[in-house]
Amino acid sequence: MAIVDDLSTGNRGNVNPAARLHVADMRAPEMLRIVDATRPDAVVHLAAQAAVSRSVADPTFDASVNILGMLNLLEACRAAGVRNVVYISTGGAGYGDTDVVPTPETHLTRPQSPYGVSKVAAELYLDCWAGLHAGRGVSLRLANVYGPRQNPEGEAGVVAIFTRRLLSGRSCVINGDGEQTRDYVYVGDVADAVTRAVTRAGATGAINVGTSRETTVNEIYKTLARAAGVDRPAEYGPARPGEQRRSALGWDRARRLLEWSPQTTLAHGLAETVTWARAHDGR
(Lines give C-alpha, C1' and ligand atoms only; values in the text may rest on other atoms or scores of the structure.)
Protein backbone atom coordinates (compact mmCIF):
# COMPACT_ATOMS: atom_id res chain seq x y z
CA MET A 1 0.00 0.00 0.00
CA ALA A 2 1.27 3.46 -0.92
CA ILE A 3 0.11 6.91 0.17
CA VAL A 4 0.84 10.15 -1.69
CA ASP A 5 0.51 13.37 0.32
CA ASP A 6 2.27 16.71 0.12
CA LEU A 7 1.64 17.12 3.88
CA SER A 8 0.36 20.66 3.35
CA THR A 9 -2.54 19.75 5.64
CA GLY A 10 -1.81 16.08 6.38
CA ASN A 11 0.01 14.62 9.36
CA ARG A 12 2.80 12.10 8.91
CA GLY A 13 1.82 10.55 12.23
CA ASN A 14 -1.53 9.45 10.80
CA VAL A 15 0.07 7.25 8.14
CA ASN A 16 -0.45 3.52 8.56
CA PRO A 17 2.95 1.98 9.48
CA ALA A 18 2.36 -0.72 6.87
CA ALA A 19 2.10 1.88 4.09
CA ARG A 20 4.85 3.66 2.20
CA LEU A 21 4.48 7.44 2.21
CA HIS A 22 5.50 9.42 -0.88
CA VAL A 23 5.66 13.14 -0.11
CA ALA A 24 4.61 14.65 -3.42
CA ASP A 25 2.13 16.99 -5.07
CA MET A 26 -0.66 15.36 -7.09
CA ARG A 27 0.12 17.74 -9.95
CA ALA A 28 3.79 16.79 -10.18
CA PRO A 29 5.25 14.62 -12.99
CA GLU A 30 6.51 12.36 -10.20
CA MET A 31 3.02 10.84 -9.99
CA LEU A 32 3.73 8.87 -13.17
CA ARG A 33 6.70 7.16 -11.52
CA ILE A 34 4.91 6.53 -8.20
CA VAL A 35 1.83 4.92 -9.76
CA ASP A 36 3.91 2.90 -12.21
CA ALA A 37 6.16 1.58 -9.43
CA THR A 38 3.21 0.71 -7.19
CA ARG A 39 0.77 -0.72 -9.80
CA PRO A 40 -2.15 -0.84 -7.30
CA ASP A 41 -5.39 -2.71 -7.91
CA ALA A 42 -7.23 0.52 -7.14
CA VAL A 43 -6.51 4.17 -6.38
CA VAL A 44 -8.48 6.17 -3.81
CA HIS A 45 -8.15 9.87 -4.58
CA LEU A 46 -8.69 12.07 -1.50
CA ALA A 47 -6.25 14.93 -2.17
CA ALA A 48 -7.93 18.31 -2.65
CA GLN A 49 -8.00 22.02 -2.13
CA ALA A 50 -11.01 21.85 0.19
CA ALA A 51 -11.50 25.40 1.49
CA VAL A 52 -14.53 27.13 -0.02
CA SER A 53 -13.25 30.57 0.99
CA ARG A 54 -9.88 30.01 -0.69
CA SER A 55 -11.60 28.82 -3.85
CA VAL A 56 -13.54 32.10 -3.95
CA ALA A 57 -10.39 34.16 -3.35
CA ASP A 58 -8.17 32.13 -5.72
CA PRO A 59 -10.21 30.00 -8.13
CA THR A 60 -7.18 29.40 -10.34
CA PHE A 61 -5.31 27.64 -7.54
CA ASP A 62 -8.45 25.67 -6.64
CA ALA A 63 -8.82 24.44 -10.22
CA SER A 64 -5.12 23.66 -10.46
CA VAL A 65 -5.29 21.29 -7.49
CA ASN A 66 -8.74 19.79 -7.93
CA ILE A 67 -8.94 19.52 -11.73
CA LEU A 68 -5.35 19.35 -12.97
CA GLY A 69 -4.43 17.14 -10.02
CA MET A 70 -7.16 14.70 -11.03
CA LEU A 71 -6.05 14.74 -14.67
CA ASN A 72 -2.44 14.09 -13.72
CA LEU A 73 -3.48 11.15 -11.56
CA LEU A 74 -5.73 9.69 -14.26
CA GLU A 75 -2.96 9.92 -16.84
CA ALA A 76 -0.63 8.14 -14.43
CA CYS A 77 -3.24 5.41 -13.91
CA ARG A 78 -3.75 5.01 -17.64
CA ALA A 79 -0.02 4.68 -18.27
CA ALA A 80 0.38 2.12 -15.48
CA GLY A 81 -2.68 0.08 -16.45
CA VAL A 82 -4.63 0.91 -13.28
CA ARG A 83 -8.33 0.62 -14.06
CA ASN A 84 -10.11 1.30 -10.75
CA VAL A 85 -10.34 4.81 -9.26
CA VAL A 86 -12.47 5.84 -6.30
CA TYR A 87 -12.73 9.62 -6.04
CA ILE A 88 -13.68 11.42 -2.85
CA SER A 89 -15.97 14.18 -4.04
CA THR A 90 -18.40 16.54 -2.31
CA GLY A 91 -22.13 16.41 -1.77
CA GLY A 92 -23.40 19.73 -0.49
CA ALA A 93 -20.92 21.96 -2.31
CA GLY A 94 -21.59 20.09 -5.56
CA TYR A 95 -25.38 20.20 -5.43
CA GLY A 96 -25.59 23.73 -4.02
CA ASP A 97 -28.93 24.95 -2.68
CA THR A 98 -31.58 22.56 -3.95
CA ASP A 99 -35.34 22.27 -3.70
CA VAL A 100 -35.00 18.55 -2.92
CA VAL A 101 -33.61 17.67 0.52
CA PRO A 102 -32.36 15.00 1.10
CA THR A 103 -30.77 15.34 -2.34
CA PRO A 104 -30.36 12.25 -4.57
CA GLU A 105 -27.57 11.71 -7.11
CA THR A 106 -30.06 12.30 -9.95
CA HIS A 107 -30.49 15.94 -8.95
CA LEU A 108 -28.71 18.56 -11.05
CA THR A 109 -25.40 19.79 -9.68
CA ARG A 110 -25.55 23.56 -9.15
CA PRO A 111 -22.40 24.47 -7.22
CA GLN A 112 -22.23 27.97 -5.80
CA SER A 113 -18.48 28.14 -5.24
CA PRO A 114 -15.41 27.49 -7.39
CA TYR A 115 -14.62 24.59 -5.03
CA GLY A 116 -17.92 22.91 -5.85
CA VAL A 117 -17.39 23.54 -9.57
CA SER A 118 -13.92 21.99 -9.55
CA LYS A 119 -15.06 18.90 -7.65
CA VAL A 120 -17.94 18.28 -10.04
CA ALA A 121 -15.65 18.86 -13.04
CA ALA A 122 -13.23 16.24 -11.69
CA GLU A 123 -16.11 13.76 -11.46
CA LEU A 124 -16.86 14.34 -15.15
CA TYR A 125 -13.22 13.81 -16.09
CA LEU A 126 -13.23 10.54 -14.13
CA ASP A 127 -16.37 9.36 -15.93
CA CYS A 128 -14.81 10.28 -19.29
CA TRP A 129 -11.54 8.50 -18.42
CA ALA A 130 -13.40 5.34 -17.39
CA GLY A 131 -15.35 5.30 -20.65
CA LEU A 132 -12.33 5.90 -22.86
CA HIS A 133 -9.98 3.46 -21.16
CA ALA A 134 -12.22 0.60 -19.99
CA GLY A 135 -11.87 1.71 -16.40
CA ARG A 136 -14.17 1.89 -13.41
CA GLY A 137 -14.72 5.23 -11.71
CA VAL A 138 -16.66 5.84 -8.51
CA SER A 139 -17.27 9.33 -7.12
CA LEU A 140 -18.28 9.27 -3.47
CA ARG A 141 -20.14 12.49 -2.77
CA LEU A 142 -19.55 12.94 0.92
CA ALA A 143 -21.68 14.86 3.37
CA ASN A 144 -19.88 16.80 6.14
CA VAL A 145 -17.39 14.34 7.58
CA TYR A 146 -16.42 14.62 11.24
CA GLY A 147 -14.72 12.52 13.90
CA PRO A 148 -11.43 11.81 15.70
CA ARG A 149 -8.15 12.99 14.12
CA GLN A 150 -9.74 15.72 12.01
CA ASN A 151 -7.39 18.69 11.71
CA PRO A 152 -8.98 21.78 13.32
CA GLU A 153 -6.55 24.22 11.68
CA GLY A 154 -7.53 26.55 8.87
CA GLU A 155 -10.93 26.00 7.25
CA ALA A 156 -11.57 22.58 8.74
CA GLY A 157 -14.88 20.99 9.66
CA VAL A 158 -16.94 22.93 12.17
CA VAL A 159 -16.99 19.96 14.57
CA ALA A 160 -13.19 19.84 14.81
CA ILE A 161 -12.91 23.61 15.19
CA PHE A 162 -15.60 23.89 17.86
CA THR A 163 -14.27 20.88 19.77
CA ARG A 164 -10.77 22.33 20.07
CA ARG A 165 -12.01 25.77 21.06
CA LEU A 166 -14.46 24.45 23.64
CA LEU A 167 -11.87 22.21 25.28
CA SER A 168 -9.31 25.03 25.38
CA GLY A 169 -11.72 27.53 26.93
CA ARG A 170 -12.05 29.73 23.87
CA SER A 171 -15.24 31.10 22.33
CA CYS A 172 -16.75 29.67 19.14
CA VAL A 173 -17.94 31.86 16.27
CA ILE A 174 -20.87 30.75 14.12
CA ASN A 175 -21.04 32.24 10.63
CA GLY A 176 -24.44 33.76 9.90
CA ASP A 177 -27.44 32.92 12.06
CA GLY A 178 -26.44 29.28 12.61
CA GLU A 179 -29.65 27.93 11.12
CA GLN A 180 -27.89 26.71 7.97
CA THR A 181 -28.10 22.91 7.86
CA ARG A 182 -25.60 20.22 6.99
CA ASP A 183 -25.60 16.44 6.88
CA TYR A 184 -22.94 15.20 9.33
CA VAL A 185 -21.52 11.72 8.70
CA TYR A 186 -19.05 9.98 11.00
CA VAL A 187 -15.56 9.25 9.68
CA GLY A 188 -15.78 5.55 10.55
CA ASP A 189 -18.90 5.19 8.41
CA VAL A 190 -17.16 7.02 5.55
CA ALA A 191 -14.14 4.70 5.76
CA ASP A 192 -16.53 1.76 5.50
CA ALA A 193 -18.13 3.26 2.38
CA VAL A 194 -14.73 3.81 0.75
CA THR A 195 -13.71 0.21 1.41
CA ARG A 196 -16.94 -1.04 -0.12
CA ALA A 197 -16.51 1.23 -3.16
CA VAL A 198 -13.06 -0.26 -3.77
CA THR A 199 -14.23 -3.88 -3.50
CA ARG A 200 -17.68 -3.71 -5.18
CA ALA A 201 -16.87 -4.16 -8.87
CA GLY A 202 -20.41 -3.28 -9.91
CA ALA A 203 -20.35 0.13 -8.25
CA THR A 204 -19.79 3.03 -10.66
CA GLY A 205 -20.64 6.69 -10.99
CA ALA A 206 -21.73 9.12 -8.30
CA ILE A 207 -22.77 7.74 -4.91
CA ASN A 208 -23.86 9.89 -1.98
CA VAL A 209 -22.43 9.07 1.46
CA GLY A 210 -24.49 10.78 4.14
CA THR A 211 -27.31 10.29 6.64
CA SER A 212 -30.23 12.19 5.02
CA ARG A 213 -30.56 14.17 8.27
CA GLU A 214 -30.32 17.97 8.40
CA THR A 215 -28.63 19.44 11.47
CA THR A 216 -28.15 23.16 12.11
CA VAL A 217 -24.81 24.60 13.17
CA ASN A 218 -26.57 25.86 16.30
CA GLU A 219 -27.51 22.28 17.19
CA ILE A 220 -23.92 21.13 16.61
CA TYR A 221 -22.61 23.81 18.95
CA LYS A 222 -25.11 23.01 21.71
CA THR A 223 -24.41 19.26 21.54
CA LEU A 224 -20.64 19.72 21.58
CA ALA A 225 -20.82 22.27 24.39
CA ARG A 226 -22.79 19.82 26.54
CA ALA A 227 -20.30 17.04 25.81
CA ALA A 228 -17.42 19.36 26.71
CA GLY A 229 -19.11 20.61 29.88
CA VAL A 230 -19.32 24.21 28.65
CA ASP A 231 -22.35 26.46 29.18
CA ARG A 232 -21.04 29.56 27.35
CA PRO A 233 -23.14 30.63 24.33
CA ALA A 234 -21.59 30.87 20.88
CA GLU A 235 -20.72 34.16 19.21
CA TYR A 236 -21.98 35.07 15.74
CA GLY A 237 -20.19 36.54 12.72
CA PRO A 238 -21.03 37.35 9.09
CA ALA A 239 -22.19 34.61 6.74
CA ARG A 240 -19.64 33.20 4.31
CA PRO A 241 -19.99 33.93 0.58
CA GLY A 242 -20.70 30.86 -1.55
CA GLU A 243 -22.11 28.82 1.33
CA GLN A 244 -25.38 26.99 0.73
CA ARG A 245 -28.28 27.27 3.16
CA ARG A 246 -29.47 23.67 3.38
CA SER A 247 -27.81 20.35 2.70
CA ALA A 248 -28.55 16.69 3.31
CA LEU A 249 -27.84 13.71 1.08
CA GLY A 250 -30.03 10.77 0.17
CA TRP A 251 -28.03 7.53 0.42
CA ASP A 252 -30.31 5.00 -1.29
CA ARG A 253 -27.77 4.36 -4.06
CA ALA A 254 -25.09 3.56 -1.48
CA ARG A 255 -27.48 1.09 0.10
CA ARG A 256 -28.13 -0.61 -3.24
CA LEU A 257 -24.65 -0.59 -4.79
CA LEU A 258 -22.43 -0.77 -1.70
CA GLU A 259 -24.82 -2.41 0.78
CA TRP A 260 -23.86 0.50 3.02
CA SER A 261 -25.76 2.45 5.65
CA PRO A 262 -24.68 5.02 8.28
CA GLN A 263 -24.23 3.23 11.59
CA THR A 264 -23.17 6.04 13.94
CA THR A 265 -25.71 8.42 15.46
CA LEU A 266 -24.74 12.08 15.60
CA ALA A 267 -24.90 12.18 19.40
CA HIS A 268 -22.60 9.16 19.72
CA GLY A 269 -20.19 10.40 17.05
CA LEU A 270 -19.87 13.86 18.62
CA ALA A 271 -19.30 12.31 22.05
CA GLU A 272 -16.58 10.07 20.59
CA THR A 273 -14.96 13.09 18.95
CA VAL A 274 -14.87 15.09 22.20
CA THR A 275 -13.55 12.08 24.14
CA TRP A 276 -10.73 11.56 21.64
CA ALA A 277 -9.84 15.27 21.55
CA ARG A 278 -9.79 15.47 25.35
CA ALA A 279 -7.43 12.47 25.48
CA HIS A 280 -5.15 14.21 22.97
CA ASP A 281 -4.98 17.56 24.77
CA GLY A 282 -7.80 19.13 22.78
CA ARG A 283 -6.26 18.53 19.36
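Throughout what follows, the structure given in this document is the object of discussion. (Residues numbered from 1 in each chain as written. Predicted model: local features only at pLDDT ≥ 70, side-chain atom pairs only at ≥ 80, totals over all residues. Heavy atoms only, no water.)

### Overview of the overall build of the protein
Thought 1: Within the protein one finds 10 helices and 12 strands.
Thought 2: For 283 residues, the compact-globule estimate of 2.2 N^0.38 gives 19 Å, and the protein sits close to it at 19 Å.
Thought 3: Viewed in the frame of its principal axes, the protein has a C-alpha envelope of about 55 × 40 × 40 Å.
Thought 4: Counting all 283 residues of the protein, 42% fall into the buried class.
Thought 5: Pairs at least 24 residues apart make up 78% of the contacts formed inside the protein by residues separated by at least 6 positions.
Thought 6: Accessible area for the protein stands at about 13,500 Å²; split by element, carbon and sulfur atoms hold 52% of it.
Thought 7: One way to put it: in the protein the 31 positive side-chain charges average out to a point 3 Å from where the 30 negative ones average out. (Helix = DSSP H or I, 4+ residues; strand = E, 2+ residues; numbered from the N terminus. Rg over C-alpha atoms; globule rule 2.2 N^0.38 Å. Buried < 20%, exposed > 50% of the residue type's maximum accessible area, 1.4 Å probe, protein only. Contact = heavy atoms within 4.5 Å. Areas by Shrake-Rupley, 256 points an atom, 1.4 Å probe, with all protein chains shown as cover. Lys, Arg positive; Asp, Glu negative; His and termini not counted. Charge placed at Lys NZ, Arg CZ, Asp CG, Glu CD.)

### Digging into helix α6 (residues 158–167)
Thought 1: Residues Val-159, Ala-160, Phe-162, Thr-163 and Leu-166 constitute the buried set of α6.
Thought 2: On its buried face, α6 is in contact with β6 (144–146), β7 (173–175), β9 (184–186), α8 (217–228) and α10 (266–279).
Thought 3: Just past α6, the residue Gly-169 takes up positive phi, approximately 80 degrees.

### Considering the pattern of salt bridges
Thought 1: According to the stated counting rule, one finds 11 salt bridges in the structure shown.
Thought 2: Put simply, Glu-75 and Arg-78 hold a salt bridge, and the shortest N to O gap is 2.9 Å. Note that Glu-75 and Arg-78 are positioned in helix α3 (residues 59–80) at a spacing of 3 residues, about one turn of the helix.
Thought 3: Among the salt bridges present, the one from Arg-256 reaches Asp-252, with a minimum N-O distance of 3.0 Å. Here Asp-252 and Arg-256 lie together in helix α9 (residues 252–258), a separation of 4 residues that amounts to about one turn.
Thought 4: According to the relative accessible area criterion, Arg-256 is partly exposed, its value standing at 49%.
Thought 5: Look at Asp-252 and you get partly exposed, because its relative accessible area is 40%.
Thought 6: Through salt bridges with shared partners, a single ionic network connects Asp-252, Arg-255 and Arg-256. (Salt bridge = Lys/Arg side-chain N within 4 Å of Asp/Glu carboxyl O.)

### A look at the packing of aromatic side chains
Thought 1: Summed over all chains, the structure comprises 3 aromatic pairs.
Thought 2: For the ring pair Phe-162 and Tyr-221, a centre distance of 5.8 Å and an interplane angle of 85 degrees mean the geometry is edge-to-face. Residue Phe-162 is located in helix α6, and its partner Tyr-221 is located in helix α8; the two are separated by 59 residues in the primary sequence. Taken individually, Phe-162 and Tyr-221 each receive the classification buried, so the pair is uniform in this respect.
Thought 3: A cation sits over an aromatic face here: Arg-54 above Phe-61, 3.9 Å from the ring centre. (Phe/Tyr/Trp six-rings, centres within 6.5 Å; stacked < 30°, edge-to-face > 60°. Lys NZ or Arg CZ within 6 Å of the ring centre and 35° of its normal.)

### Let's talk about the packing of α8 against α10
Thought 1: Between α8 and α10, the least distance of the axes is 10 Å, while the angle of their chain directions is 50 degrees. Considered as vectors, α8 and α10 are oriented oblique to each other. Between α8 and α10 the crossing geometry is right-handed. Taking contact as the criterion, the partners of Ile-220, Thr-223, Leu-224, Ala-227 and Ala-228 in α8 are, on α10, Leu-266, Leu-270, Val-274 and Arg-278.
Thought 2: A class-by-class count of the residues in the contact of α8 with α10 yields 7 nonpolar, 1 polar and 1 charged. (Axes fitted to C-alpha atoms, helices over the stretch in contact; angles between N-to-C directions. Parallel < 35°, antiparallel > 145°, perpendicular 65-115°, else oblique. Left-handed = near helix turned anticlockwise from the far one by under 90°. Nonpolar A, V, L, I, M, F, W, Y, C, P; charged D, E, K, R; others polar.)

### Here's the deal with α3
Thought 1: Between its first and last C-alpha atoms α3 spans 31 Å; for 22 residues at 1.5 Å apiece the expected length is 32 Å, and the two agree.
Thought 2: Along α3, the helix axis deviates most sharply at Leu-68, where the bend reaches about 25 degrees.
Thought 3: One or two residues past the end of α3 sits Gly-81, with phi positive at roughly 80 degrees. (Expected span 1.5 Å × (residues − 1). Bend = angle between axes of the 7 residues up to and from the residue.)

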